[in-house]
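Fold and contact review
Residue-level listing of the chains:
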Amino acid sequence: MGVLVDLEERRRAKAAQQSFGRWERRVGFAPGPATRISDLPDAVLSRLAELDREATLALYDVVLGVRGWGPGERFTYLESQPKVEALDAFLFLADQVRFDLMRRLGWVQGVAAESYSLLDMAARPKDIQASFLPQVPKLTKAYHRYEDLERRLALEPAAVVRSLIPEALLVFRNRQ
């Protein structure tokens, strides 16, 4: 009798190996195929959110790895159309990393990083952006200057939430 092989599980394992094979060296952690950004340890999330060279390459490793395009360093050598696709996916992942950092601080709610794996977000950023609501997380009243921003939130919620990223990086770094 033969052994039943789950092809989808094999594909995900291969995608994880291609995507996360360098993560241990780059950011000190190796995710699995189902790992979500919300599952990452605080130190790894903080490192990724800073977007230094190694963190940037780690995110590009995922974006290129799920597509079978190689390691993050290959990004600069891609043709223009695949490069735009990879950049869009990278920017989506970078946003989600930073939004999850803000979620852990209690500042926002409604983050896609809680619902989708890193591999899924890297592979299907447009689908997830189109279907996940809110597209930009909602600022909570737990944020210490919520009242100061309330009026602006009604007009430009995405700009307000993104404007808090530098402060969130500093607060999160200092809390560790």
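Preceding block: the structure.
Here's a quick rundown of the structure. This one's a predicted model, so the numbers in the text were calculated from it and none came from an experiment. (Residues numbered from 1 in each chain as written. Predicted model: local features only at pLDDT ≥ 70, side-chain atom pairs only at ≥ 80, totals over all residues. Heavy atoms only, no water.)

1. Examining the environment of G65
Within the secondary structure layout, G65 lies in helix 4 (residues 53–65). Residues G65 and P166, 101 residues apart in the sequence, show an inter-C-alpha distance of 29 Å. Contacts of G65, omitting those with residues within four sequence positions, involve Q18, S19, Y60 and G70. (Helix = DSSP H or I, 4+ residues; strand = E, 2+ residues; numbered from the N terminus. Contact = heavy atoms within 4.5 Å.)

2. Topic: the pattern of salt bridges
Applying the stated rule across the entire model yields 16 salt bridges. Of the charged contacts in the structure, one is a salt bridge between D52 and R47, with a shortest N-O distance of 3.1 Å. Linking R103 and D100 is a salt bridge whose minimum nitrogen-to-oxygen distance equals 2.6 Å. In this pair, R103 and D100 are both assigned in helix 5 (residues 80–104), 3 residues apart and thus about one turn of the helix distant. Several salt bridges converge on common partners, so that one network encompasses D42, D100, R103, R104, E114 and R175. (Salt bridge = Lys/Arg side-chain N within 4 Å of Asp/Glu carboxyl O.)

3. Observations concerning unusual backbone geometry
The omega torsion of the bond from L133 to P134 falls at 0 degrees, within 30 degrees of zero and hence cis. Counting through the fold element by element, P134 comes out in the loop between helix 7 (125–131) and strand 2 (138–139). One non-glycine residue, L51, lies in the positive phi region at around 55 degrees. With respect to the helices, strands and loops of the structure, L51 is situated in the loop between helix 3 (42–50) and helix 4. On the basis of relative accessible area, L51 is assigned to the partly exposed category, the value being 26%. (Buried < 20%, exposed > 50% of the residue type's maximum accessible area, 1.4 Å probe, protein only.)

4. Observations regarding the packing of aromatic side chains
What the rule picks out here adds up to 5 aromatic pairs. Members of the aromatic cluster, joined through ring pairs, are Y60, F75 and F90. Seen from the ring of W69, R67 lies directly overhead, with NZ or CZ sitting 5.7 Å from the centre. Lying across the ring of F75, K83 places its NZ or CZ 5.6 Å from the centre. (Phe/Tyr/Trp six-rings, centres within 6.5 Å; stacked < 30°, edge-to-face > 60°. Lys NZ or Arg CZ within 6 Å of the ring centre and 35° of its normal.)

5. Describing the side chain of S38
Inspection of the secondary structure puts S38 in the loop between helix 2 (23–27) and helix 3. Reaching out from S38, the side chain makes a polar contact with the backbone oxygen of A113 at a distance of 3.2 Å. (Polar contact = N/O pair within 3.5 Å; in protein donor to acceptor, adjacent residues only side chain to side chain.)

6. Considerations on the nonpolar core
Inside soluble globular proteins, nonpolar side chains tend to come together where they are buried. With 56 residues, the main nonpolar core has W23, I37, L48, L93, M102, M121 and L139 as its most contacted residues. Counting residues per element, this core draws most heavily on helix 5, at 10 residues. Once residues within four sequence positions are removed from consideration, W23 is found in contact with G28, F29, A30, P31, L40, L48, A58, L59, D61, V62 and L118. (Core = buried A, V, L, I, M, F, W, Y, C linked by side-chain atoms within 4.5 Å.)

7. Considering the packing of helix 4 against helix 5
Where helix 4 meets helix 5, the closest approach of the two axes is 9 Å, and the angle between their N-to-C directions is 125 degrees. Considered as vectors, helix 4 and helix 5 are oriented oblique to each other. Between helix 4 and helix 5 the crossing geometry is right-handed. Across from T56, L59, Y60, V62, V63 and L64 in helix 4, the residues of helix 5 making contact are A86, L87, A89, F90, L93, A94 and V97. (Axes fitted to C-alpha atoms, helices over the stretch in contact; angles between N-to-C directions. Parallel < 35°, antiparallel > 145°, perpendicular 65-115°, else oblique. Left-handed = near helix turned anticlockwise from the far one by under 90°.)

8. What to know about the packing of helix 3 against helix 5
Across the interface, helix 3 lies against helix 5 with an axial gap of 9 Å and an inter-helix angle of 135 degrees. Judged by the inter-axis angle, helix 3 sits oblique to helix 5. Between helix 3 and helix 5 the crossing geometry is left-handed. Where helix 3 abuts helix 5, its residues D42, L45, S46, L48, A49 and E50 lie against V97, R98, D100, L101 and R104. Partitioning the contact of helix 3 with helix 5 into residue classes produces 5 nonpolar, 1 polar and 5 charged. (Nonpolar A, V, L, I, M, F, W, Y, C, P; charged D, E, K, R; others polar.)

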